[in-house]
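If you want the building blocks of each chain, they are given just below.
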Amino acid sequence: MMYLEYAIFQRALLGCVFIGLLGGLIGVFVVKMRLSTIGYSMSHSAFAGAALGVALSVDPLLTAIIFSATTAFFIGPAADKARLPIDTITSIAFSLNMALAFIFLTFSPQIGLSSEVASVLWGSIVSVTNRDLVYLIALCSITLALIYLFWKELFTIMFDRKMAEADGINTKIFVYFMIFLAGLIVALSLKIVGGLLVYALLFNPASSALQYLHDMRKIIFLSPIIGAASCIAGFFTSLFLDIPVGSCIALISTLIFAVSVIFSPKRKRRWRNED
Amino acid sequence: MAPIIELRDVSTVYEGEKRPAIRDVNLTFEEGEFAYVIGPNAAGKTTLLETINGLLPIFKGRISVLNLDVQKYGKQVRCQIGYVPQDFMVDPGEPYTALDAVLMGRYGKIGVIGRPSREDKEKAIEAMRLLEIEDLANKPVGKLSGGQQQKVMIARAIAKEPKILLLDEPFSNLDPESRDKISKLIAQTSSERNLTTIIVTHDLHQIVDSCSRTIVMNSGRIIADCELRKALALIEKWYFPGFWRHSG
Ligand SMILES: Nc1ncnc2c1ncn2[C@@H]1O[C@H](COP(=O)(O)OP(=O)(O)O)[C@@H](O)[C@H]1O
Ligand SMILES: [Mg+2]
């Protein structure tokens, strides 16, 4: 544990805790509001954006946010109105983003895999700065406050968006806001987890928590805990085995998901109780 | 007094479609009125209800509900409408109890940031008691049978304490015995609370009173708007012979 004496590792560990908490928290809304496909596309365009940032030697966080916001802007309404099948849009967006990302990375100034390129590709724990931590903590507080304030609306929209609308709730504002938050979280997590795996952070903890519990109020607590636990475990695995931290986090959260599915109390009772 | 619901030459077109799903509809409902909407599949019954509560944007015409333009003040209007959608089913794994689902009906009215009070919860439980499902309150709603879920949705609409009830085939998953009971219950609640109620139904046996106002739709148009007895005679004679028997 001597690593932990160094500020750089302490920061990295804290960073992991916060991206885990945030990913797990927002992930529940992303999954239950059926925003998974948008989250998926946003993650990959954040990746392309970060790659562009590296190529142009500007802050990758900024370009990642711009790219994921642009994607949300275009794909959000398309998904909302179902003009085109959402699968089609996301498949095309995926290949476009990957193509762009790899072209940008080829144009990055340093030769070979510089640490910045590596960080964008598969994440890096040593890259977490104090500024990143401040952003993560701020985003965490804002997210918690908003969820607390608008829990009633969010809860209803997760149940069924059309019914929420019929009840007199302005669902659009809340849905777009969640997309926006998810985009920010993706962009902030990208450095640690890597552009290709950042989506795991949004999707895996929430999906695992949803396997276990029948009460949304408990799920909203369990999912961030699973997220943080995956990230902490991933952090140490990465440290000791010297493999990329993003892969470790993705693997561990996938493992947790698999275990959750196997032990899910929801799956054991297949039949429904008819009256 | 102005009618509580008024549609003038209303046509609704779904996005991406060319033909309107309902066309040139003119209808008025007075406060406290109780009406049925009948007609074959794809007649536009669901579209009519969702046009009235503003979930669908209209293409032509004018609708006012509670003296508000629905296209402009949809949210305010919907806070006063209890809506039971057609074939609403919750997946078995969904993490919501029946009580959650009923209580949610009141959230739009409570308003943004407000919290549900004890009174809101009591109203929700009272509505569940009315439908005799209060013992299901803490069960996951997705694990209930289709009929029980339908009762949950009706309770949700009633708990909202709306001025208008729009019910889209609310009896489709109930057994015949519950159908009778629930349709009488809705008729009674509507008259006690002076609710304006519009029920879309396939099941003409459920129409409690043969003098009830009955709106018959076909191909997006209203083809009759009269007492049930007359509507039945018309349907049988002119429009779709056998409709009455098939829709049992
Ligand atoms: N979401 C939709 N998009 C396009 N067309 C639709 C949609 N929903 C219904 N329609 C069409 O509108 C017409 C009326 O449908 P609907 O109001 O559901 O009829 P009903 O409730 O009487 O069975 C039908 O022709 C149907 O195909
Ligand atoms: Mg219908």
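Just so it is clear, the structure is predicted and the values come from calculations on it, not from any experiment. (Residues numbered from 1 in each chain as written. Chains lettered and ligands numbered in written order. Predicted model: local features only at pLDDT ≥ 70, side-chain atom pairs only at ≥ 80, totals over all residues. Heavy atoms only, no water.)

J.: Sorry, what's going on with the coordination of the magnesium ion (ligand 2) here?
T.: Reference values for coordination geometry: four tetrahedral donors around a metal ideally subtend 109.5 degrees, six octahedral donors ideally subtend 90 or 180 degrees. All names here are of chain B. Protein coordination at the magnesium ion (ligand 2): the donors are Thr-46 (OG1) and Gln-86 (OE1), at 2.0 to 2.2 Å from the metal. Linking Thr-46 in helix H1 (residues 45-52) with Gln-86 in the loop between strand S6 (81-84) and helix H3 (98-104), this pair joins segments that are 40 residues apart in sequence. Take Gln-86: its relative accessible area is 30%, and that puts it in the partly exposed class. (Donors = N, O, S within 2.8 Å, 3.2 Å for Na, K, Ca; no water. Helix = DSSP H or I, 4+ residues; strand = E, 2+ residues; numbered from the N terminus. Buried < 20%, exposed > 50% of the residue type's maximum accessible area, 1.4 Å probe, protein only.)

J.: In this structure, what is going on with the interface of chain A and chain B? I would like to understand it.
T.: Interface size is commonly expressed as the accessible surface area that is lost when the partners come together. Taken together, the 34 residues of chain A in the interface contact 44 residues of chain B. Across the chain A-chain B interface, the total number found is six salt bridges. B:Lys160 is the partner of A:Asp167 in a salt bridge, and the nearest nitrogen-oxygen pair spans 3.7 Å. One can count 12 residue pairs in polar contact (both at pLDDT 80 or more) joining chain A with chain B. Those elements that provide at least two residues to the side of chain A that touches chain B are helix H6 (130-149), helix H7 (151-159), helix H8 (161-166) and helix H11 (216-241) of chain A. It is H7(A) that provides the largest number of residues to the side of chain A that touches chain B, a total of six residues. (Contact = heavy atoms within 4.5 Å. Salt bridge = Lys/Arg side-chain N within 4 Å of Asp/Glu carboxyl O. Polar contact = N/O pair within 3.5 Å; in protein donor to acceptor, adjacent residues only side chain to side chain.)

J.: In this structure, what is going on with the side chain of A:Ser41? I would like to understand it.
T.: Residue and element names in this part refer to chain A. Along the chain, Ser-41 turns up in helix H2 (residues 36-56). What makes Ser-41 buried here is its relative accessible area of 2%. Beyond its immediate stretch of four places on either side in the chain, Ser-41 contacts Thr-71, Ile-75, Thr-90, Ala-93 and Asn-97.

J.: How should the pattern of salt bridges be read in this particular structure?
T.: Close approach of charged atoms allows side chains of opposite charge to pair. Applying the stated rule across the entire model yields 23 salt bridges over all chains. Note that A:Asp132 is salt-bridged to A:Arg131, the shortest N-O span being 3.9 Å. Accessibility expressed as a relative area gives 7% for A:Asp132, which makes it buried. B:Lys60 is paired through a salt bridge with B:Asp24; the nearest N and O atoms lie 2.9 Å apart. Here B:Lys60, found in strand S4 (residues 60-65), pairs with B:Asp24, found in strand S2 (residues 22-29); they are 36 residues apart in sequence, far enough to count as distant. For B:Lys60, a relative accessible area of 37% gives the class partly exposed.

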